[in-house]
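# A structural walkthrough
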Amino acid sequence: MKTNVKPINTNEQIIFSKGAVLVFAHLFILACYLLKFAPIAKAQSLSLSLSLWPPILEAMMIPGKSITQAYTITNSGLDTIIDTKIFKFEPSDEHGNITLVEEVSADQKCPLFSFENANLSLSVPFRLKSGNSEQVILKITIPEDCPEEDYYFTFLFSTPPAAKIGQSVAREAGTIGANLLLTVSKDGQPLRKGEITEFTLNHCRKLPLFNFCLLDSLDPVEFILKISNTGQAFWKPFGKVKINGLLRQSAEIEIMAENVLTKASRQLHGQCQEGEEIYPCPLGWQPKFLLGPYRAKAELAITSPQGNKINSQVTFLAFPFKLGLAILVAFVVLGLIKNKVRT
Amino acid sequence: MLISRRLAKLVLIALLASQFFNLSLLFPKKLESANLINVSDTLSNNRLSFRGQLNGAVAVGSGVITLEETIVDMLAENTSTGSAALMANENLKVGLNAPIAAKTIDTASRVVLETGLITAAADKDPVVATSSAIHTVSFTPATTLPNGAFRVLIPAGTTTANDGLPDLNGFDIGESGDEPPVSCLGGSGIDIWETGTATASGATGCTSPANFHCFECRYSGNGGSGTAITMTIGTPAGNQLINPSPTSMTRYPGEADTYAYRVRHIYGTVQSYSTLDETIGKIGVVEAVRVTATVSPTLTFQITGRAADTTSCGQATPTGIGTTYNSVPFGTTVSTSAFANLAQQLLVSTNAAGGYTVTASESAQLTAWNLSGTPTIPDTTCQATPCTTTTPQTWTSTSYKGFGYTLEDVNGDAVADSLEYANGYRPFGTTGVQVMRADPAGPVDSDMAYVCYRIVVSGTQAAGDYENYVIYIATATF
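Read on for a plain summary of the structure. (Residues numbered from 1 in each chain as written. Chains lettered and ligands numbered in written order. Predicted model: local features only at pLDDT ≥ 70, side-chain atom pairs only at ≥ 80, totals over all residues. Heavy atoms only, no water.)

## A short note on the packing of aromatic side chains
What counts is decided by this rule: Pairing of aromatic rings covers Phe, Tyr and Trp, the last counted by its six-membered ring, and requires centre-to-centre distances within 6.5 Å; plane angles under 30 degrees mean stacked, over 60 mean edge-to-face, and any other angle means tilted. Helix and strand labels come from DSSP, where a helix needs a run of H or I of at least four residues and a strand needs a run of E of at least two; each type is numbered from the N terminus. Between buried and exposed lies partly exposed: a residue is buried under 20% and exposed over 50% of the maximum accessible area for its type, with that area taken using a 1.4 Å probe on protein chains only. In our convention, an over-ring charge means Lys NZ or Arg CZ found within 6 Å of a ring centre and within 35 degrees of that ring's normal.
Per the counting criterion, the structure on display carries 24 aromatic pairs over all chains. Considering the side-chain rings of W193 of chain B and Y219 of chain B, the 5.7 Å spacing of their centres and the 75° angle between planes classify their relative orientation as edge-to-face. Taken together, the residues span a long stretch of sequence, with W193 of chain B in strand β12 (residues 192–193) and Y219 of chain B in strand β14 (residues 212–220) at a distance of 26 residues. Measuring from ring centre to ring centre gives 6.1 Å for F330 of chain B and F403 of chain B, while their planes differ by 85°; the resulting arrangement is edge-to-face. Within this pair, whereas F330 of chain B is found in the loop between β22 (327–329) and β23 (340–350), its partner F403 of chain B is found in strand β27 (residues 402–411), the two being separated by 73 residues in sequence. One exposure class covers both F330 of chain B and F403 of chain B, and it is buried. What links up through ring pairs into an aromatic cluster is the set F199, F223, W285, Y294 and F316 of chain A. Just above the ring of Y450 of chain B sits the side chain of R306 of chain B; from NZ or CZ to the centre is 3.9 Å. Over the aromatic face of F339 of chain B sits the side chain of R454 of chain B, whose NZ or CZ is 3.8 Å from the ring centroid.

If you want it as structure tokens, here you go:
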């Protein structure tokens, strides 16, 4: 049986072995190159994750003076580039949310923004490695000729969107921002005033010709309290909603001190506390059983508990409508059963 | 046959030769001279120390103290006023007494201590609560220097900068023998880092410039440039630098006092050295705010891709295609007769009292910038009205073309019910609209939602690569 084995050509063998050496050398140099320059894979989550402290700054400033505020930005995601920008903002609703209006331009005068860091500048991107933090020291300067009014800004830390990848794609850019509420005042006593624009019961049902709300005895009492700022500087309201009933039922609901910006209104919340943590909660009262007429009075002071007072009141009548209906239905059913038994 | 072998040989030799070019990258050209770069000093605790004084004498056994609310004597350096910057459980040194923990911060000026004073305190006696910090100083040398040293100069108080009490205008290094330990690591061309030294301002070898404490790491070796070095001053369980007290009383919550520190690359002896490179940096030390500083308010925002073959907003992703944190690659899944659905995950945590909001906007409609006329894939108009950036509508028929998105609550109640995917889809706009918020308003831990993107195009849509970018902005509510 003839085997089809090709005889080895000596020249081919030499060229093959030389080629193998060249290929091996090439791969060796390539490996050295990659070991030196290839990034070492780290165990890190494939996400953008930024933290910012503090998320809000409230300050009153005298023209001609500066303040500095340290911000700490922490990157818990992948290595990234951070760009810093400052935008003016306006309140977008009555719940403390914002709408960014326009970026602060280079010729912005009131106020002037800059960084105190030796190695960082505003609007100049910097690298932030995974797991690292950077302290950015923002200097805010109010020139002498700045009008005495409020200035609202958001200090943004942005990551760039992904590079183009040659296909149809929506690329995402993540941004985290801290709000700056600045009041400029020469004497530290800007005009602070406001008014209650709405104080009523949520789901208030009124009878024609009667100016009070009807409420079922088993329903919770939930108020809607809105105030507007008609002054020249933002402020916080301090106060309570006091409820008194004819049957000596009474309650006081602490109001959360939330910022009310100039020319804007805000719906207020109650103040709840868990340990040392204070947080807003619905402005309501939930007794076991309500009966009769009640009067709720919102008493607020502007800026501090000793500040200008504003108040408003609402009356409501609680009656066991649901319970009464249930009893009525029960009687009707019982009556029907009784009639049927008799017949 | 012979020609092809020779050709193969030549190609291999050329390839080998080309790799020698890469070897030049292993030995980059050194910089001649420049300042140290990437200089930073991160404090483990950047809160100002408290140094106020009593408003009224306190008898032995009494645990109630009242603090001055204005600065009485600037020369005494007792510049902290009132109790706003103090916290419960903080150790207060009242007059000559050993530190006692504060039980409650009663009013704007009154503090109740856990125990009564052992020694009576006189009116205007100092009340001190120190804040200490580990300084982590990072820098990258710009110049090669064999057998040199790095010296960090931290501002010191101008009067008694080493008595273990906070100073008005600089950091206190502690009493003699209590100096914080110094260590260095990193760098290139360093054979050995010698044990670091800490020298109080004014002591031998630390007199110029005046009013700076000196911290030094000497090394042996060639001392290369371009590789980061970290000097750590202080240890978690050991001695640390004491943060300054406020420079004045007119400050606001979070307002920083800034101090300029210096990092020097030096050569010569400790007593007589020369500076090769120097960079000046700044550190900020801030006033604490009792109401919020117990747990510093922070806002965390995270975007994560969704893996392939998962379901979000009730829709499965195309087989084998996932997203990343910064791209949603529809690629070839875009069709004229079927929806392509992809998603990402957003996560927000904050302990800010008012909660947070996340808005979304797009740079422009999906656009093929490289095609003539820059055609676009329109934003969805859903299949019912009104379909706006704030009002979603049903979009189940592929007859209605475009690009839109919807949301799914995953953890917490981050998405308003009216915006959830059961209510349909909506288009992005160039103005940011809310996609997530804290409900109820207040601190939240890991509010999570899916953003689910959907696209379908018309048969006449020009072939090409369309792109835009979507911007998510997370802010705390004011």
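Once you've had a look at it, read on.
## A look at the sheet that holds β27 of chain B
Rules: Two strands pair if DSSP finds at least two bridges between them. Note on definitions: angles span 0 to 180 degrees between N-to-C directions of axes, and those axes are lines fitted to C-alpha atoms, for helices only across the stretch in contact.
Read from one edge of the open sheet, 8 strands run β6(A)-β8(A)-β3(A)-β1(A)-β19(B)-β23(B)-β29(B)-β27(B), paired in antiparallel fashion. A single partner strand is all that each edge strand has here, and the edge strands are β6 (112–115) of chain A together with β27 of chain B. Going across the sheet, the axis of each strand differs from the next one's by a mean of 20°, ignoring polarity. As defined by bridge partners, strand β1 (residues 47–53) of chain A adjoins strand β19 (residues 299–305) of chain B across 6 bridges and the pair is classed as antiparallel.

## A short note on the pairing of strand β3 (residues 66–75) of chain A
Residue and element names in this part refer to chain A. Counting buried residues in β3 gives 7 out of 10 residues, a clear majority hidden from the surface. The sheet contact formed by β1 and β3 spans 4 bridges and is antiparallel. Residue pairing across strands places L52 opposite I73, the latter belonging to β3. Here β3 runs beside strand β8 (residues 133–141); their pairing, made up of 9 bridges, is antiparallel. In the strand pairing of β8, S66 is matched with T141.

## Quick word on the side chain of S327 of chain B
Applicable threshold: Contacts described as polar in this section are N or O atom pairs within 3.5 Å, which, within protein, must combine one atom able to donate a hydrogen with one able to accept it, while residues neighboring in sequence count only if both atoms come from side chains. By the convention used here, residues are in contact when the closest approach between their heavy atoms is within 4.5 Å.
In this structure, S327 of chain B sits in strand β22. Only 3.0 Å separates the side chain of S327 of chain B from the side chain of T324 of chain B, close enough to count as a polar contact. Residue contacts for S327 of chain B: discarding those within four places in its chain leaves A162, V169, A170, R171 and E172 of chain A together with Q344 of chain B.

Limitation: the analysis is restricted to geometry and does not speak to function.
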